[in-house]
Amino acid sequence: MAVLLEDIVKSVETWLKLIKKPQPYVDPNLDPVLLVPGIAGSILTAVDDQNGKEERVWVRIVGADYKFRTKLWSRFDPSTGKSVSLDPNTTIKVPDGRYGLQAIDVLDPDMIIGRECVGYFHDMIVEMIKWGFQEGKTLFGFGYDFRQSNRLQETMDRLAAKLESVYNASGGKKINIISHSMGGLLVKCFMGLHSDIFQKYVKNWIAIAAPFRGAPGYIASTFLNGMSFVDGWEQNFFISKWSMHQLLIECPSIYELMACPHFHWQHTPFLEIWREKEGCDGIPHTILESYRPRDCIDIFKEALSVNSVDYDGENIPLPFNLEILKLVKKTRKVLSHAKVPSGVKFYNIYGINLETPHSVCYGSEETPVTNIHDLRFFQPKYVCVDGDGTVPTESAKADGLHAEARVAVPGEHRGILCEPHVFRILKQWLRAGDPDPFYNPINDYVILPTAFEMESHREKGLQVTSLKEEWEIISKDEDDPDDVASRKSVLSSISVSQEGNKQSLRSEVHATVVVHPQNEGKQHVELNAISVSID
């Protein structure tokens, strides 16, 4: 019996192996797409220089904080412009599997429960494959060491090589770059430094949620308190804010995300501190001090002057890094001079409708800050503006480039990469499938003309013209069927008249507009109009 059962199992296994999986639809006419992530959006592996062993250090759940501190903590080297690991035997690399997509898809492939918190471009990759894109032919990724400056020569060289390889792999077709967040600064730096290469290989660049003028409130509090990339229960199994803080203090990329001091902000971002100071009368007074972006540097210097880490038995000072600040000034100059080359089209998608940190305040009138070194232990309070929760709308819109379109999408900074609205816009701009000539990416609905009739005749000195036109408006909002059934049609009327003179006719127009709500986000619109001109 056991032998027969084993034979059956083997037969079933063989049969399953012979079953061919349905092949995904592939559109050979699509232009290639290169996905470029933002900060913390690439898998990083630590390579042991002595034995060549590799292990993922970002992102991971098991032993995350320990591996992060021992392998990824870094020091900035002014002579090379790079941040290098404190462990002298460790080199940080970015995996390049699946044509670069492995590093930017799911950042911890081992995670099963709560996997959505470590997914980056995953949903977009899945969606684009449905549209007919194919990995290695028309779909590629570019992961990079996000600790480094966005204009690090090593990264620029890798991106140049990537563009050439994608161009060749797709049969000489120009590339659509889709960048997210800080990836937009990296692409803009490359465009400014290597305009000729950009023009040769790139067709369109679509920036999503890019902090073109910085992320003021978010980055100011990062320097003083650290940063968390996940919320909720996942924080208990992830990198602590303190461990992340000690890494970011030595990362040029974070300094390049500071509020641009030369930008004419509609609302200036401030660092505010309630401080207790002794007055002329010797009595302590509580005052609120406010610092503009360029003035915050002195506060960061003082607050972080005693910051340090213990690594391998050694105490290493990690103050606010003025050498990195020098590098950032040159980066800002590159960004400010970058222009879109002729023949390349630029598009900007940015997030709205979420409260986004803009100014940050420490202490209170009742609990003032008595020692600037203690700022690290105060919880920041934010003054918020509209944005995606991380990047203010004002910063994301101010790309300083000639744009074909700028579209606002309600959504959270990272979650915007999963937004169906964004998918519909990308599908239209990439001309994937059958592009809908009536689609409006800004309002995210389609207006389809369904009927048009016009008659005109003249009788007894009157010119009479009648018009009937109908449209179908199709939005992507899901309606409650019961709610739709209870809605009534809306009727509106319009009348316009014009007095005549010797050179012109007196005329009147009367029109009615009827809107009939329907299911599945549809509305039927009827326009009936009649025009009468008197000779």
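The rules behind these values
- Residues numbered from 1 in each chain as written.
- Predicted model: local features only at pLDDT ≥ 70, side-chain atom pairs only at ≥ 80, totals over all residues.
- Heavy atoms only, no water.
- Helix = DSSP H or I, 4+ residues; strand = E, 2+ residues; numbered from the N terminus.
- Buried < 20%, exposed > 50% of the residue type's maximum accessible area, 1.4 Å probe, protein only.
- Contact = heavy atoms within 4.5 Å.
- Areas by Shrake-Rupley, 256 points an atom, 1.4 Å probe, with all protein chains shown as cover.
- Phe/Tyr/Trp six-rings, centres within 6.5 Å; stacked < 30°, edge-to-face > 60°.
- Salt bridge = Lys/Arg side-chain N within 4 Å of Asp/Glu carboxyl O.
- Pairing = 2+ DSSP bridges.
- Axes fitted to C-alpha atoms, helices over the stretch in contact; angles between N-to-C directions.
- Core = buried A, V, L, I, M, F, W, Y, C linked by side-chain atoms within 4.5 Å.

Peer 1: Tell me what's going on with the overall build of the chain, and back it up with residues and numbers.
Peer 2: Looking only at helices and strands, the chain has 14 helices and 23 strands in total. Going through the 535 residues of the chain one by one, you find that 48% of them count as buried. Across the chain, the fraction of contacts at a sequence separation of at least 24, relative to all contacts at a separation of at least 6, is 71%. For the chain, the exposed surface amounts to about 27,300 Å²; the carbon and sulfur share of it is 52%.

Peer 1: Break down the packing of aromatic side chains for me, with residues and values.
Peer 2: The final tally for this structure, using the stated rule, is 19 aromatic pairs. Aromatic pair Trp73 and Trp242: ring centres 5.6 Å apart, planes at 75°, arrangement edge-to-face. Of the two residues, Trp73 is situated in the loop between helix H2 (64-72) and strand S4 (74-77) and Trp242 in helix H8 (residues 241-248); the sequence distance between them amounts to 169 residues. Exposure remark for Trp73: the relative accessible area of 4% places this residue in the buried category.

Peer 1: Go over the pattern of salt bridges, please, and point to the residues and values.
Peer 2: Under the definition given, this model contains 16 salt bridges. One salt bridge connects Lys82 with Glu154, and the closest N-O pair in it is separated by 3.1 Å. With Lys82 in strand S5 (residues 82-85) and Glu154 in helix H4 (residues 153-169), this residue pair connects regions lying 72 residues apart in the sequence. Using a relative accessible area of 24% as the deciding quantity, one classes Lys82 as partly exposed.

Peer 1: Describe the sheet that holds strand S17 (residues 405-410), and please don't skip the residues or the numbers.
Peer 2: Each strand in a sheet pairs with its neighbour through backbone hydrogen bonds, running either in the same direction (parallel) or in the opposite one (antiparallel). Across the sheet, which stays open at both edges, the six strands sit in the order S7-S1-S8-S9-S14-S17 with parallel pairing between neighbours. Each edge of the open sheet is held by one strand with a lone partner, namely strand S7 (139-141) and S17. Put simply, the sheet's adjacent strands are angled 20° from each other on average, direction ignored. Each of strand S1 (33-36), S7, strand S8 (175-180) and strand S9 (202-208) is contacted by helix H3 (residues 122-131), which is oriented at about 170° to S1, the strand it contacts most.

Peer 1: Help me get a handle on the sheet that holds strand S2 (residues 44-48), residues and values and all.
Peer 2: Pairing is antiparallel in the open sheet, where three strands are placed in the order S3-S2-S6. Strand pairing shows two members of the sheet lacking a second neighbour, strand S3 (54-58) and strand S6 (90-93), which therefore form its edges. Strand-to-strand twist of the sheet, defined as the mean angle between neighbouring strand axes without regard to direction, takes the value 35°. With four bridges joining them, S2 and S3 adopt antiparallel strand pairing. Bridged to Ala46 within S3 is Glu55. Sheet contacts for H2: S2, S3 and S6; angle to S3, the most-contacted strand, approximately 105°.

Peer 1: Can you explain the nonpolar core? Please cite residues and give values.
Peer 2: Counting 125 residues, the largest nonpolar core has Leu35 and Trp58 as its most contacted members. Judged by nonpolar contacts, the second largest core, of five residues, contains Ala259, Phe263, Trp265 and Ala398.

Peer 1: Can you lay out the pairing of S8 for me, pointing to particular residues and giving the numbers?
Peer 2: Where burial is concerned, most of S8 is hidden: six out of the six residues are buried. Of the two faces of S8, the one lined by Ile175, Ile177 and Ser179 and the one lined by Asn176, Ile178 and His180 are each fully buried. Bridge count for S8 against S9 is six bridges, and the pairing is parallel. Across the sheet, residue His180 finds its bridge partner in S9, namely Ile208.

Peer 1: If you had to explain unusual backbone geometry to someone new, which residues and values would you point to?
Peer 2: Here the amide bond leading from Trp58 into Val59 is cis, since omega sits at 0°, within 30 degrees of zero. Position of Val59 relative to the elements: it lies in the loop between S3 and H2. In this model, Arg98 sits at a positive phi of 55°, which is unusual for a non-glycine residue. Mapped onto the secondary structure, Arg98 falls in the loop between S6 and H3. Here Arg98 falls in the partly exposed class, since its relative accessible area comes to 35%. Notably, Arg431 is not glycine yet its phi reads approximately 55°, a positive angle. Following the sequence through the fold, Arg431 ends up in the loop between helix H13 (420-429) and strand S18 (439-440).

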